[in-house]
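Take a look at the letters that make up each chain.
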Amino acid sequence: MQQRNATVAVVGAGDYIGAEIVKKFASEGFTVFAGRRNGDKLAPLVAEVESAGGRIVARSLDARKEDETTAFLNDADKHAPLEVVIFNVGANVNFPILETTDRVFRKVWEMACWAGFVTGREAARLMLPRGGGKIFFTGATASLRGGAGFAAFASAKFGLRAVAQAMARELMPQNIHVAHLIIDSGVDTAWVRERRAQLWGEEALDNPDLLMPPSSVAGAYWQLYQQPKTAWTFEMEIRPFGEKW
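Residues numbered from 1 in each chain as written. Predicted model: local features only at pLDDT ≥ 70, side-chain atom pairs only at ≥ 80, totals over all residues. Heavy atoms only, no water.

Caption draft 1: Representation of the nonpolar core. Core analysis: the biggest nonpolar cluster contains 36 residues, and Leu73, Leu82, Ile135, Phe137 and Val178 have the highest contact counts within it. Elements with a contribution of two residues or more to this core: strand E1 (7-11), helix H3 (66-79), strand E4 (82-87), helix H4 (102-127), strand E5 (133-140), helix H5 (151-171) and strand E6 (176-183). It is H4 that provides the largest number of residues to this core, a total of 10 residues. Ignoring anything within four residues of it in the chain, the contact list for valine 178 reads Ile135, Phe137, Ala164, Met167, Ala168, Leu171, Met172, Thr233 and Phe234. Counting 34 residues, the second-largest nonpolar core is a separate cluster that includes Val8, Phe25, Ala26 and Phe30. (Core = buried A, V, L, I, M, F, W, Y, C linked by side-chain atoms within 4.5 Å. Buried < 20%, exposed > 50% of the residue type's maximum accessible area, 1.4 Å probe, protein only. Helix = DSSP H or I, 4+ residues; strand = E, 2+ residues; numbered from the N terminus. Contact = heavy atoms within 4.5 Å.)

Now the structure itself:
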């Protein structure tokens, strides 16, 4: 493994997509700062990365708190130049509109939109003086269309896409690659499997081609990282070949 003098920060290093992103970039020689709300849950990921020869710094991080996000990114940059920041906070909830409380709506917006804005802004603050870097955001089908029961989630993801788009237009001419990844699929996680089984029965899990492995998402981010600046993608949509769209 070629060790790099650079860090990658993953805001939202959960058990599935976030963990796979961490493992992918660590395997490519980066020191990865991994943050999630309950940092104790990162212990298995730390053990896996380190056993493979990778370098990881695990932190508790509530992305809704501006000072925590700023400190997290600043610490990563002090360790080694911050080259990539990936915002991967989920907040996927489903409530009928009459059951969507003010508290739920605001919390989802804070997690999936406002926290993304803060992460992107603070990443840009560190990258602009060096004249380069990469800021990537995780989106969803809900980034493009609202679905029944997803008013809170879709509005937040629509907003995050707009933040990413505005940042890309401002920062890409300054050599900072901003990209938005739309995952148009159920990702193969315990929560998604449970929900599909509840909605459509256990037979809904029989076709493995309809669920996206988290490692495939991490691979897409690595592809974005590798793009030359003469051919940068702002928005990439990924879905399994068996997905109808």
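Caption draft 2: Structural detail: the packing of helix H1 (residues 17-27) against helix H7 (residues 214-226). With their axes 8 Å apart at the nearest point, H1 and H7 run at an angle of 50° to one another. With respect to each other, H1 and H7 are oriented oblique. As for the relative orientation of H1 and H7, their crossing is right-handed in sense. In contact with Ile17, Glu20, Ile21, Lys24 and Phe25 of H1, H7 contributes Pro214, Ser215, Val217, Ala218, Tyr221, Trp222 and Tyr225. In terms of residue class, the contact of H1 with H7 is built from nine nonpolar, one polar and two charged. (Axes fitted to C-alpha atoms, helices over the stretch in contact; angles between N-to-C directions. Parallel < 35°, antiparallel > 145°, perpendicular 65-115°, else oblique. Left-handed = near helix turned anticlockwise from the far one by under 90°. Nonpolar A, V, L, I, M, F, W, Y, C, P; charged D, E, K, R; others polar.)

Caption draft 3: Fine view of helix H2 (residues 43-51). Every buried residue of H2 is accounted for by Leu45, Val46 and Val49. Taken down its axis, H2 places every buried residue within 100° of arc, on the same side. Exposed residues on H2 whose side chains face more than 90 degrees from its buried face are Pro44 and Ser51. In the stretch just after H2, glycine 53 is the one whose phi turns positive, near 90°. (Arc of directions from axis to C-beta.)

Caption draft 4: Main features of the packing of H4 against H5. Put simply, H4 and H5 touch, their axes get as near as 7 Å, and they point 15° apart. By the criterion of interaxial angle, the relationship of H4 to H5 is roughly parallel. Once H4 is placed against H5, the crossing between them reads as right-handed. Contact with H4, carried on its side by Phe105, Val108, Trp109, Ala112, Cys113, Gly116, Phe117, Gly120, Arg121 and Ala124, involves Ala151, Ala152, Phe153, Ser155, Ala156, Lys157, Gly159, Leu160, Val163, Met167 and Leu171 of H5 and no other residues of that element. Residues of the contact of H4 with H5, tallied by class, amount to 15 nonpolar, four polar and two charged.

Distances and angles like these do not, on their own, reveal function.
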